Amino acid sequence: MKKILNPFVKLEGYNCFGCSPDNPAGLQLKFAEEGDYVVARWMPKPQFQGWKNVLHGGIQATLLDEIASWLVFVKLKTSGVTSRMEVKLSKPVYTDKGELTLKARLSAMNRNIAVIETLLYDQKGELCTTAVMHYYTFPVEVAQEKLWYPGGDAFFENKAEP
């Protein structure tokens, strides 16, 4: 597993609900690369429940949307925007049972539309929520100019050779 850095923390005014480590009301997600997947482990908090000790479905959709965007950053080496999401909530996800695991993998590229499979596993490793995300991806030049995309290398530690 290879840790993914968050290069956006250097941007003035950056306060993403999904991934900013400095947003106290946010999800504060951190990511890693694992083969074809981008992975995150996340500890749910009580303020994200919809029903007593059950993670709100909108928060589940947000978690899966966020990890899909990081797949676009890291695997496709550009930026994009969500154009469609199809979420299937199969089992309750509890906020008081421990850490959750999120995974995202590219399923297909249709021109500039990335089709991304996202998965949310509960504390026991059971698959609870899935989403097929469709991301409109931008040419890298546009992503850099208009969406502050820092380039693919910015997401990993550069270790100088001795």
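Shown above is the structure to which this text applies.
Just so we're clear, the structure is a prediction, and the values are computed from it rather than from any experiment.

Undergrad: Please set out the pattern of salt bridges residue by residue, giving values where relevant.
TA: Under the counting rule described, the total for this entry stands at four salt bridges. Two residues, Arg84 and Glu86, come together in a salt bridge whose shortest N-O distance is 3.0 Å. Residue classification places Glu86 among the partly exposed positions, given a relative accessible area of 39%. Put simply, Lys91 and Glu126 hold a salt bridge, and the shortest N to O gap is 2.9 Å. With Lys91 in the loop between strand 6 (80-89) and strand 7 (100-110) and Glu126 in the loop between strand 8 (113-121) and strand 9 (127-137), the pair connects residues that are 35 residues apart, well separated along the chain. The class of Glu126 is partly exposed, set by a relative accessible area of 32%.

Undergrad: Please set out a nonpolar patch on the surface residue by residue, giving values where relevant.
TA: A contiguous nonpolar surface patch, about 230 Å² in accessible area, is contributed by Met85, Val87 and Leu89. Inspection of the secondary structure puts Met85 in strand 6. In this structure Met85 comes out as partly exposed when scored by relative accessible area, which is 33%.

How each quantity is defined
- Residues numbered from 1 in each chain as written.
- Predicted model: local features only at pLDDT ≥ 70, side-chain atom pairs only at ≥ 80, totals over all residues.
- Heavy atoms only, no water.
- Salt bridge = Lys/Arg side-chain N within 4 Å of Asp/Glu carboxyl O.
- Buried < 20%, exposed > 50% of the residue type's maximum accessible area, 1.4 Å probe, protein only.
- Helix = DSSP H or I, 4+ residues; strand = E, 2+ residues; numbered from the N terminus.
- Patch = residues over 30% accessible without salt bridge, like charges linked within 9 Å, V, L, I, M, F, W, Y side chains within 5 Å.
- Areas by Shrake-Rupley, 256 points an atom, 1.4 Å probe, with all protein chains shown as cover.

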